[in-house]
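Summary of structural features
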Amino acid sequence: MADMLVKLYEFAPDLNLRRKLESKGFTVRRALPPERSTVLRWVAEEFGKEWADECAVAFARQPSTCFIALQEDGLAGFSCCEATCRDFFGPTGVRPDLRRQGLGKALLDIALEDLKARGYAYAIVGDAGPLEFYERYCGAVPIPDSVPGIYKGMLR
């Protein structure tokens, strides 16, 4: 997997997507500080401790750069930006049984909108996968020679 670059100045979120998700009982929003422990525990259980560690950094920002998707007060997915590096999108994940409903797109939208509001012209999708999703949805392009990228030599 490679890092990818998104032109935020050309990015347009799907304005109808969140309304559609709300009609199905989903809410996508910025996570609140008192939700930190619950979200981090869920991310660690569903996606691993490394992603939970990155998510913890997103919670340390003011305002939080962790976003969540909820269904009936339960977690359905999450996304982060500015966690491992400034201007980075990720990690992000959606519960396997709830994929293909638009939650991943909505979580990407809200994070990219946040990065754009912070004044960035571009966003980096760190260690992106699947590449085709980001190419198709937000026009992301792979960054040459970005493998293994910032995670090279990471302790495990």
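This brings us to the environment of Ser-146. Checked against the element boundaries, Ser-146 lands in the segment after β7 (141-142). By relative accessible area, Ser-146 is classed as buried at 8%. Apart from residues lying up to four places away in sequence, Ser-146 is in contact with Ala-2 and Asp-3.

Right, let's talk about the side chain of Thr-92 for a bit. Note on placement: Thr-92 falls in strand β5 (residues 88-94). There is a polar contact of 2.8 Å between the side chain of Thr-92 and the backbone oxygen of Phe-78. Residues in contact with Thr-92, not counting those within four places in the same chain, are Trp-51, Phe-78, Ser-79, Leu-107 and Tyr-134.

This brings us to a positive patch on the surface. Taken together, Lys-20, Lys-24, Arg-100, Lys-105 and Arg-136 make up a surface patch of like positive charges. Position of Arg-136 among the secondary structure elements: in helix α5 (residues 131-138). Arg-136 sits in the exposed class, given a relative accessible area of 66%.

About the thresholds
- Residues numbered from 1 in each chain as written.
- Predicted model: local features only at pLDDT ≥ 70, side-chain atom pairs only at ≥ 80, totals over all residues.
- Heavy atoms only, no water.
- Helix = DSSP H or I, 4+ residues; strand = E, 2+ residues; numbered from the N terminus.
- Buried < 20%, exposed > 50% of the residue type's maximum accessible area, 1.4 Å probe, protein only.
- Contact = heavy atoms within 4.5 Å.
- Polar contact = N/O pair within 3.5 Å; in protein donor to acceptor, adjacent residues only side chain to side chain.
- Patch = residues over 30% accessible without salt bridge, like charges linked within 9 Å, V, L, I, M, F, W, Y side chains within 5 Å.
- Areas by Shrake-Rupley, 256 points an atom, 1.4 Å probe, with all protein chains shown as cover.
- Salt bridge = Lys/Arg side-chain N within 4 Å of Asp/Glu carboxyl O.
- Lys, Arg positive; Asp, Glu negative; His and termini not counted.
- Charge placed at Lys NZ, Arg CZ, Asp CG, Glu CD.

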